[in-house]
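Structural overview for review
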Amino acid sequence: MDGDRTWFLRPSTQTVVVTVALLLSSLLVYAFPRSLPAFLLFQASLLILYHARIARPLKIGFAASALGLLLPILGSINGYYLEVAIQVGIFVALALGLNIVVGLAGLLDLGYVAFFAVGAYLWAIFGSRQANQFISASLIQFPLAPEWFFVFLLLGVVVAAVTGVLLGLPVLRLRGDYLAIVTLGFGEVVRVLVNNLDKPINFTNGPIGITPIQRPPLFFLPVLEALGIRASPAALYALYFYFLVLLIVLVVTLVTQRLHHSHIGRAWEAIREDEMAAMAMGVPLVRMKLLAFAAGASFAGTMGVLFSAKQLYINPESFTFMESIGVLAMVILGGMGSIPGVVLGATVVTVLNLQVLKELSIWLNTLRHTEAAISIPLIGSFSFSQLPPQFEPAKYERMIFGIILVLMMIFRPQGMIPPRRWRRTRGE
Amino acid sequence: MDILIAIFPQVLVDGIALGFMYALIALGYTMVYGVLTFINFAHSEIFVAGAFVGVEVLLTLQAWGLLQDLHPVLLLLLVLLAGMTMSGVLALAVERVAYRPLRAAPRLVPLISAIGVSFFLQDLIRFGESLWRNAFYLTYPSIPFFDQRIQLTALVDVPLKSLVVIVAAIVMLVGLNLLVHRTKIGTAIRAVAEDQATASLMGIDVDRMIALTFLIGGAMGGAAGVLFGIQYSLITPYTGFIPGIKAFTAAVLGGIGNIPGAMVGGVVLGLLEAFAASYLSLLTGGAFGAEYKDIFAFSILILILIFRPQGLLGEVVRERA
């Protein structure tokens, strides 16, 4: 991508390299459907594709076939990969939304997951019988029909954006660190409210959560049947959600990119760099900050609607402070203000949590049952069967988030893939 | 109405005990903010580390069979000292590793680093306790002496441990106030808070004073952790988050950077919360229960930050360029 970087491979050779990497890693996943390294290699080949210097249409073609064809095929071999891909997609959209607020406008929002919760509960309440708790069943019979899902995807954007503006109005004149604490408080208030609004009127069903939630309609089913394609409902819905997420992520990415390169994006960056100077140049501070809050919130809102439909079940536990920090860690790891960086950061953190840590837990458990032991000089030998059962690496998400935040702040605050403008000003 | 009056003294004592605990934690936030204008987000975990050291000491003594034999006051001093040492040293280490390299960076950078430290420490404590005890939800062993209840009137009695918490907290707060306002070291700390460059020109070792601030704030947090464990028994690595936010609220309420302010803010918040927790459900006929006490504290935080960011006793903090 960078014009001034010297590359040792000619573009034609790079095309070959990318093709080989994609095909080889896909074959590996096909041959070893349970192997984590094979799937990681597949993801790495996507990164190679991003960094390869080949013609743009060709690159888009590669990306489309990898994400639109190869990944669904691999997902039908090992269904868990599709689940991972869906989760990655959800977090990419969330991270892109937070990136607008934190990365572009420079406002540290520690309660971002609240907007996700707003979207999720919006569909959960009206897409299940829950709404009949406060709307008489003789008036409307809930749940709403599956077709309403698409209306609610848009409604999620609107409602979350309005929530963002409502939160933003009173707090935006606060200094940076106070703003962070207030948004944190707001996130917690939303969580406590959701947890307790089962009385006096039952809106959210409290800590028990809401289930079953309506899934989106399978409008294409007649077409599939006409073509003679049969699939189990589980596989069908997994593929369906995968493509829905892919579509939303695509839209969100395009919107972010257009915003970033518009006068709005430049205004945001001006505010981030120096509020005083921005104001002096005639940037309407309050309006631009509100816009950033609304835009960031709207991404989370629409993803929330999709999340509740995919999960079939939601409760307040999915919307804790830890989730907000997780999304923040993704943005920081990838690079604040950089779209490819944030996508990479969300992917790395999600895969680390969902796959690597879990794999490590399973591996330790097997070691525990085999009589494996390591001997360390001077200390003596240590047998894995002595490892306490409470010790599970899969539960250490917070440690991962923490290490990412501290190390990135100290050693690489610009992130793994810094924004292009950053690179230009530092002459890299 | 009778029940409202009958529980009043109990709620009052609970509220004051809670308030002094918040005040002790709030000191860590407010002192660091005064010196560095930076929210030490990891302070809540420094507090929890003190609570865990306290429970480890007590459990070890219990395993040795010494818990009953030691004099309760001696026991309390021993546990407090252990908790304060651990938390103070931990705060010192965190400052050295995660904050000092970022002192020149933009405001939000050390804050993000502090959030990272907070999350890291939570799981580090969990990691250590899981390996060591195969459990990370620990309860303080009961000490019969502290479990006594003192009869105030025929109807009203209060637990002795609440009074112990209040007395211990007051002693420490008075000691700290003397340290900061009557000694040379205290003067140096206040000078650094006022103006780092000038303080440095006057021959004050700024780095050392900042480290000392973290040490003192951390030690107070550790003491609060031990008192928290004695008062509420159950502690987990994630216990610190809510008291941490509330103590920060207390610091903001009293005026951040202001030591007496933190004490006033802590007690006010503790009382408000105790009364909200006991009376909200009675007064609204059960529609809003004690669960809303957290919302109550957060709302106070948000309102204070918006309408009176300098707090009850504070002065306006200058914006650092």
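Residues numbered from 1 in each chain as written. Chains lettered and ligands numbered in written order. Predicted model: local features only at pLDDT ≥ 70, side-chain atom pairs only at ≥ 80, totals over all residues. Heavy atoms only, no water.

**Points about the overall build of chain B**
Within chain B one finds 13 helices and four strands. Relative to the 2.2 N^0.38 estimate, which gives 20 Å for 321 residues, the radius of gyration of chain B is 20 Å and therefore close to what a compact globule would have. C-alpha extents for chain B along the principal axes are approximately 65 × 50 × 35 Å. The buried share of chain B, taken over its 321 residues, is 56%. For chain B, contacts bridging at least 24 residues in sequence account for 77% of all contacts bridging at least 6. Total accessible area computed for chain B in this model is approximately 13300 Å², and 70% of it derives from carbon and sulfur atoms. (Helix = DSSP H or I, 4+ residues; strand = E, 2+ residues; numbered from the N terminus. Rg over C-alpha atoms; globule rule 2.2 N^0.38 Å. Buried < 20%, exposed > 50% of the residue type's maximum accessible area, 1.4 Å probe, protein only. Contact = heavy atoms within 4.5 Å. Areas by Shrake-Rupley, 256 points an atom, 1.4 Å probe, with all protein chains shown as cover.)

**Considerations on the packing of helix α7 (residues 176–196) of chain A against helix α11 (residues 241–254) of chain B**
Direction vectors running N to C along α7(A) and α11(B) enclose 130 degrees, while the axes themselves pass 12 Å from each other. Regarding the angle of α7(A) to α11(B), the classification is oblique. Remark: the crossing between α7(A) and α11(B) carries left-handed chirality. Contact residues: Ile181(A), Leu184(A) and Glu188(A) in α7(A); Phe241(B), Ile242(B), Ile245(B) and Phe248(B) in α11(B). In the contact of α7(A) with α11(B), the residues fall into six nonpolar, no polar and one charged. (Axes fitted to C-alpha atoms, helices over the stretch in contact; angles between N-to-C directions. Parallel < 35°, antiparallel > 145°, perpendicular 65-115°, else oblique. Left-handed = near helix turned anticlockwise from the far one by under 90°. Nonpolar A, V, L, I, M, F, W, Y, C, P; charged D, E, K, R; others polar.)

**With respect to the interface of chain A and chain B**
Taken residue by residue, the interface counts 46 residues in chain A and 48 residues in chain B. For the pair chain A and chain B, the summed buried surface comes to about 4300 Å²; carbon and sulfur atoms form 76% of the total. At the boundary of chain A with chain B, the tally comes to one salt bridge. In this structure, Asp177(A) engages Arg107(B) in a salt bridge whose closest nitrogen and oxygen atoms are separated by 3.1 Å. Our count for the chain A to chain B interface comes out at five residue pairs in polar contact (both at pLDDT 80 or more). (Buried area = accessible area lost by both parts, 1.4 Å probe. Salt bridge = Lys/Arg side-chain N within 4 Å of Asp/Glu carboxyl O. Polar contact = N/O pair within 3.5 Å; in protein donor to acceptor, adjacent residues only side chain to side chain.)

**What about the confidence of the model for chain B?**
When pLDDT is low, close inspection of the predicted coordinates is not appropriate. In the predicted model, chain B carries a mean pLDDT of 88, and the fraction of residues at 70 or more is 96%. If you check the scores for this complex, the pTM reads 0.91 and the ipTM reads 0.90. (pLDDT = per-residue confidence, 0-100.)

**Quick notes on the nonpolar core**
Residues and elements named next belong to chain A. In this structure, Trp 268, Met 303 and Leu 306 are the most contacted members of the largest nonpolar core, which totals 236 residues. The biggest single contributor to this core is helix α4 (residues 79–104), with 18 residues. Non-local contacts of Trp 268, meaning those with residues more than four positions away in its chain, are made with Ile 100, Leu 104, Ala 105, Leu 259, Met 288, Leu 291, Ala 292 and Ala 295. Listed in part, the seven residues of the second largest apolar core include Leu 364, Phe 384, Leu 387 and Tyr 396. (Core = buried A, V, L, I, M, F, W, Y, C linked by side-chain atoms within 4.5 Å.)

**A closer look at a nonpolar patch on the surface**
All names here are of chain B. On the surface, Val 264, Val 268, Leu 272, Phe 296, Leu 312 and Leu 313 cluster together into a nonpolar patch covering about 440 Å² of accessible area. Element by element, the count of residues in the nonpolar patch is highest for helix α12 (residues 259–283), at three residues. Inspection of the secondary structure puts Leu 313 in the segment after α13 (293–307). Overall, Leu 313 belongs to the partly exposed group, its relative accessible area being 44%. (Patch = residues over 30% accessible without salt bridge, like charges linked within 9 Å, V, L, I, M, F, W, Y side chains within 5 Å.)

**Some points on helix α3 (residues 43–64) of chain B**
Between its terminal C-alpha atoms α3(B) stretches 32 Å, which fits the 32 Å expected from 22 residues at 1.5 Å a residue. Of the residues trailing α3(B), Gly65(B) is marked for its positive phi of about 75 degrees. (Expected span 1.5 Å × (residues − 1).)

**A short note on the environment of Asn315(A)**
Residues and elements named next belong to chain A. Considering the arrangement of structural elements, one finds Asn 315 in the loop between α12 (285–311) and α13 (321–334). For Asn 315, a relative accessible area of 13% puts it in the buried group. Along the sequence, Asn 315 and Pro 207 sit 108 residues apart, while their C-alpha atoms lie 6.1 Å from each other. With near-sequence residues (within four places) excluded, Asn 315 lies in contact with Tyr 121, Pro 207, Ile 208 and Gly 209.

**Regarding the pattern of salt bridges**
One pass over the structure, following the stated rule, counts twelve salt bridges over all chains. Put simply, Lys310(A) and Glu83(A) hold a salt bridge, and the shortest N to O gap is 3.1 Å. You can see Lys310(A) sitting in helix α12 and its partner Glu83(A) sitting in helix α4, a full 227 residues away along the chain. Using a relative accessible area of 27% as the deciding quantity, one classes Glu83(A) as partly exposed. Members of the salt-bridge network, linked through shared partners, are Glu95(B), Arg100(B), Arg103(B) and Asp207(B).

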